[in-house]
Every structure is written in structure tokens, then in C-alpha cells.
Amino acid sequence: MIEQLLQADRALSVGMIDQAERLYRLVAEQDPKNAIAVVGLARVTLERGDEGAAYEHVRRALELDPQNQPALRMEARLSEILTARGQRVRRPAFVEAAMDARSSSVRLGRPGPRRADVSATPSGVAGSPPRPEGTGDTASDDEPAGDGEPQRRRKGFLGRLLRG
């Protein structure tokens, strides 16, 4: 079954939508509780431009596996699209509860996943220790080059990258 799912993913990635659908349906028929195959059917349906039918597949996948991350992401995006178009979306109760829990953790100030703040370090690389003055990364804009000519120097990671 795993091989069929991989073949379906490959087929979908190269635009062979009919073949991908056939393989996902075959897996879903062999194993009706396979949420991965149902998410695959949602992807096929979405590729064909039918967001409403894709949303129904995603709902079914989430009923089978409420922790399926691709299905949760797809559900959130599709419900946003459908709601923006004025279509009524029936979200599963556990998805609503998960969304409420996520928003309440933000309101309560609980820490959530964070992205590295690249601008927070003087060197421009997250997690790098600050560089002491005079190491070349914090040079003035007009600093004489080896030949005595002023030369503009870029600071931080991009500058080091461009300087080679």
C-alpha cells in the first residue's frame, strides 16, 4: 500500500492527475481508514479546481485521523478560501476545539513555535554570538581598502556572503 501511495504522490507531482486519483482510490478502497489516501484524493480534487469537494475529502480524512497535519493545514486553508467566497463551511467539532485552543494559548501568552529572528543578532545569523567591535563585520561604511581607496562594505551575513 505504501508503494501505491508513493506512486500516487509522484503521479500527482508530475501532473498525471487521473493516474494519481486511480491509485489513491485503490488504496482508500483497500483500507477505508487510510487518511493519507483520502488526503491524496483531496489534493487531486483540489488540483481539478473543486475546493468544495476537496474540503469534504479533508473532513473525512480528519474524521479518520484528527492529528493528520497535512489534512489540518489543508482544512484551514480551504475553510478560509470557501468562507471568503461566501460558502458555508461545516468544520468538524474537534477542528473548532483545536482552533479555539490555539487562539486561547495566544491570548494567554503561552509560548508557541517561534521562528528564528535573524535581525536580532549583530552578525545576522540566528544563534550566533555577538561579534566584538573591530572584527570586520561592523566596519564603517567608508573604510579604506588595502590600496587606500575608500570602499563601501556591507555588514552582516549578506555582506560576508557578497564579499566572498
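Rules and cut-offs
- Residues numbered from 1 in each chain as written.
- Predicted model: local features only at pLDDT ≥ 70, side-chain atom pairs only at ≥ 80, totals over all residues.
- Heavy atoms only, no water.
- Helix = DSSP H or I, 4+ residues; strand = E, 2+ residues; numbered from the N terminus.
- Expected span 1.5 Å × (residues − 1).
- Buried < 20%, exposed > 50% of the residue type's maximum accessible area, 1.4 Å probe, protein only.
- Contact = heavy atoms within 4.5 Å.
- Polar contact = N/O pair within 3.5 Å; in protein donor to acceptor, adjacent residues only side chain to side chain.
- Core = buried A, V, L, I, M, F, W, Y, C linked by side-chain atoms within 4.5 Å.
- pLDDT = per-residue confidence, 0-100.

1. A word on helix H3 (residues 35-47)
In an α-helix, one turn spans 3.6 residues, which is why side chains three or four residues apart end up on the same side. Under the 1.5 Å per step criterion, the end-to-end length of H3 is 18 Å for 13 residues, consistent within 8% with the ideal 18 Å. Here H3 has its buried residues at Ala-35, Ala-37, Val-38, Val-39, Gly-40, Leu-41, Ala-42, Val-44 and Thr-45. Check the buried side of H3 and you find it contacts helix H1 (2-13), helix H2 (17-30), helix H4 (51-64) and helix H5 (69-84). For H3, the N-terminal cap is Asn-34; the gap from its side-chain oxygen to the backbone nitrogen of Ile-36 is 3.0 Å. Taken from the residues just after H3, Gly-49 is the one with a positive phi, measuring 95°.

2. Here's the deal with the side chain of Ser-79
Within the secondary structure layout, Ser-79 lies in helix H5. Residue classification places Ser-79 among the buried residues on the basis of a relative accessible area of 6%. Not counting chain neighbours up to four residues away, the residues in contact with Ser-79 comprise Tyr-55, Val-89 and Arg-91.

3. Digging into the nonpolar core
Among the nonpolar cores identified, the biggest contains 14 residues, and Val-58, Ala-61, Leu-62, Ala-71, Met-74 and Leu-78 are the most heavily contacted of them. Elements supplying a minimum of two residues to this core: H3, H4 and H5. The leading source of residues in this core is H4, at five residues. The residues contacting Leu-78, other than those within four sequence positions of it, are Leu-46, Glu-51, Ala-54, Tyr-55 and Val-58.

4. Considerations on the confidence of the model for the protein chain
Per-chain confidence: the protein chain averages 74 in pLDDT, with 56% of residues scoring 70 or above. Confidence, read as mean pLDDT per element, is least for strand E1 (residues 142-144) in the protein chain (48) and greatest for H2 (97).

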